[in-house]
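Chains, contacts and geometry: an overview
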Amino acid sequence: MRGEIGIDNDETSVSRRNFLKTTLAASALTPVIGSIQAQHTNSQKRQGTDESPDKYIVGTTSSDGVTAANACCSSVDRVVDFGDIGGAVVGRYRQSDLEALGPNTNVRYVERDGRYEAADQTLPWGINRIDADKTIAAENSGPGADIAILDSGIDQDHPDLQSHLGVGKSFVDYTSSWDDDVGHGTHCAGIAAASDNTEGVVGIAPTSTLHAGKVLNNDNWGHGSSIAAGIKWAADQGYDVVSLSINGSSYSQMLRDACAYALDEGVLVVAGAGNDSRESVTYPAKYPSVLAVSSTTKDDTLSNFSNAGPEIELAAPGSDIYSTVPGGYGHMSGTSMASPHVSGVAGLLMSPEGENLSNTEARQRLHSTAEDIGLDDTEQGHGLVDAEAAVTKSSDEPTNTLSIEGGSGQTSYNFTVSSNLQGVDGLDSEDDITNSGHSASGTVDEDETDTYSFGGDLRAFDLDGTANILLNGQPAHVGRRPDHLLQIQGEGSQTNYSFTVSENLQSADGLNSEDDIMNGEQSASGAIRGGTDTYIFDGDLRAFDLDGTANVLLDGQPAHVGHRPDSI
């Protein structure tokens with residue numbers, strides 16, 4: 001916002017003038033983004049303050065802002081351009097430097113350049129659990145996919161990684177080498193894509209290309225600006241996936257901008273949820289442009305260290321994972337280990353020699369094929385990532401079941417679905433599938449059941465008589481073709497919605513325990529991350545409120561919603 005600098009701690013903002021005159025007037029210059037620390041399961045967290053007390057990030061809206069930030073800076077470390085989002089100048093500023101920026105409307109925010117550390121550690125059985133062994137056996141191994149591991153680097157001489165290492169770049173200030181000083185990045189790289197050979201371990205996408213952005217130093221932490229620059233670098237190279245096994249407790253606008261930039265450039269950004277055993281996802285996984293991953297055990301329980309929260313989209317193995325380390329192999333545990341499981345499967349989906357999905361298509365596919373392991377939504381999101389299901393499912397696969405159970409007398413029915421309608425059981429000569437597998441009509445007598453399967457959504461259902469209709473085993477309220485079809489399509493981050501219609505509001509597909517029809521079948525409220533919640537109704541759409549981002553289609557056409565419209 002022009003006229004303010006967002007001081008981003010817990011995602012709050014104060015005015016530029018108040019920040020400069022009060023916060024900065026304090027001689028201690030307390031960090032705005034706190035120290036972002038490693039989440040070790042077998043060692044104590046690093047204590048202490050940031051290495052550089054006077055290192056700040058100045059977010060800019062234009063080249064004039066960059067010029068002003070450069071002019072006030074004692075020394076510039078780097079300048080990063082996020083395109084239409086804006087830019088950032090990273091450097092060392094005195095109190096007087098920052099005060100000089102106070103009146104400048106080309107400055108978006110000022111924040112301390114906080115410290116981020118690896119979210120580790122201890123251990124591998126995960127390939128089997130997510131059925132990646134089956135995709136490898138079927139020669140779905142990710143050829144041509146580019147996976148960037150932004151971490152402590154990658155061991156360039158490791159026999160399980162060397163053959164398919166691409167390029168790397170260092171974003172730390174003590175070396176230009178992207179080799180791994182610590183082992184954390186090499187371990188993550190092996191989970192995602194270790195070679196399928198006769199030694200060591202095998203990764204999920206063993207013929208993909210690995211790239212290393214060295215954003216953590218030899219103490220296993222890095223500045224937020226280094227991580228943001230690494231994300232932008234990976235996006236500018238055109239890589240498919242960015243895998244982040246990094247977390248911090250404090251909000252950074254620059255880091256959020258980098259993740260949003262990567263999403264816009266077609267990159268799927270994946271990050272671990274953090275290892276604090278709390279109901280709060282850490283950054284950068286908390287940003288809506290990032291796919292957040294929790295960690296599970298061999299018993300499909302939530303790892304005792306794993307964070308949870310509404311931002312969780314998928315769960316993946318993270319406890320006791322065996323993978324590559326510099327010079328050999330070792331065990332580590334953490335959401336650090338969970339995120340490259342998802343990154344590897346994403347690489348399979350985005351491989352140009354595979355399905356060549358976009359980042360948003362891959363994210364949706366990962367959601368729709370995840371395995372429900374019985375955890376809370378805040379712990380597993382859509383479920384445990386499933387490599388085999390993800391790479392073998394096509395968008396029109398018949399994943400829904402519709403059963404028509406006869407009531408008294410003979411009942412006639414007809415209905416329409418999105419795609420791939422097939423008869424499963426009970427059909428006879430009076431039952432017919434038409435319209436290229438999109439429609440069916442038939443009759444059912446008392447104590448008889450006709451069962452169909454189909455892909456996509458149930459579009460319409462007309463019933464002449466009495467029957468019980470079950471959609472995926474749950475009662476479906478049908479009986480005639482409603483006037484309208486309303487579809488709410490998730491875009492990856494959790495979005496809440498509510499709306500009101502004239503009458504006869506019914507569920508068609510996609511609803512779960514978070515979604516509810518009420519007020520005499522006139523209103524509904526729900527939440528969606530990915531997938532599609534589908535309703536049918538009569539009359540008019542009276543009001544629609546949306547908290548988040550989603551595509552809303554009314555009768556197949558984009559509907560301009562997000563607040564109560566002026567008129568229908």
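Going by the structure above, here's the rest.
Below: a short report on this structure. (Residues numbered from 1 in each chain as written. Predicted model: local features only at pLDDT ≥ 70, side-chain atom pairs only at ≥ 80, totals over all residues. Heavy atoms only, no water.)

1. Notes on the sheet that holds strand E6 (residues 146-151)
Strand order in the open sheet made by the seven strands is E7-E8-E6-E10-E12-E13-E14, with parallel pairing throughout. Single-partner strands in this sheet number two, and they are strand E7 (165-170) and strand E14 (312-317). Here the average twist between neighbouring strands, direction ignored, is 25°. Both strand E10 (residues 241-244) and strand E12 (residues 268-272) contribute to a ladder of four bridges, which runs parallel. By the bridge assignment for E12, Leu-244 is matched with Ala-271. Sitting on the sheet, helix H7 (residues 224-236) is in contact with E6, E7, strand E8 (209-214) and E10, with an inclination near 170° to E6. (Pairing = 2+ DSSP bridges. Helix = DSSP H or I, 4+ residues; strand = E, 2+ residues; numbered from the N terminus. Axes fitted to C-alpha atoms, helices over the stretch in contact; angles between N-to-C directions. Contact = heavy atoms within 4.5 Å.)

2. Structural notes on the pairing of strand E22 (residues 467-471)
Put simply, side chains in a regular strand alternate between the two faces of the sheet. Taking every second residue as pointing to the same face, the buried face of E22 carries Ala-467, Ile-469 and Leu-471, while none of Asn-468 and Leu-470 on the other face is buried. One ladder, built from five bridges, connects strand E17 (residues 400-406) with E22; its direction is antiparallel. Bridged to Ser-403 within E22 is Leu-470. Two strands pair when backbone bridges link them, and E22 and strand E23 (residues 474-475) are joined in this way by two bridges, in the antiparallel orientation. Bridge pairing in E23 links Leu-470 to Pro-475. Hairpin connection between E22 and E23: a loop of two residues separates the two successive antiparallel strands, and Asn-472 in this loop has a positive phi of roughly 55°. (Buried < 20%, exposed > 50% of the residue type's maximum accessible area, 1.4 Å probe, protein only.)

3. Describing the nonpolar core
Of all hydrophobic cores here, the largest spans 53 residues; its most connected members are Ile-154, Leu-210, Val-342 and Leu-366. Per-element accounting of this core gives the leading share, eight residues, to helix H9 (residues 335-350). Not counting the four nearest positions on each side in its chain, Leu-210 is found in contact with Ile-147, Ile-149, Ile-154, Leu-161, His-164, Leu-165, Gly-166, Val-167, Ala-189 and Ala-193. (Core = buried A, V, L, I, M, F, W, Y, C linked by side-chain atoms within 4.5 Å.)

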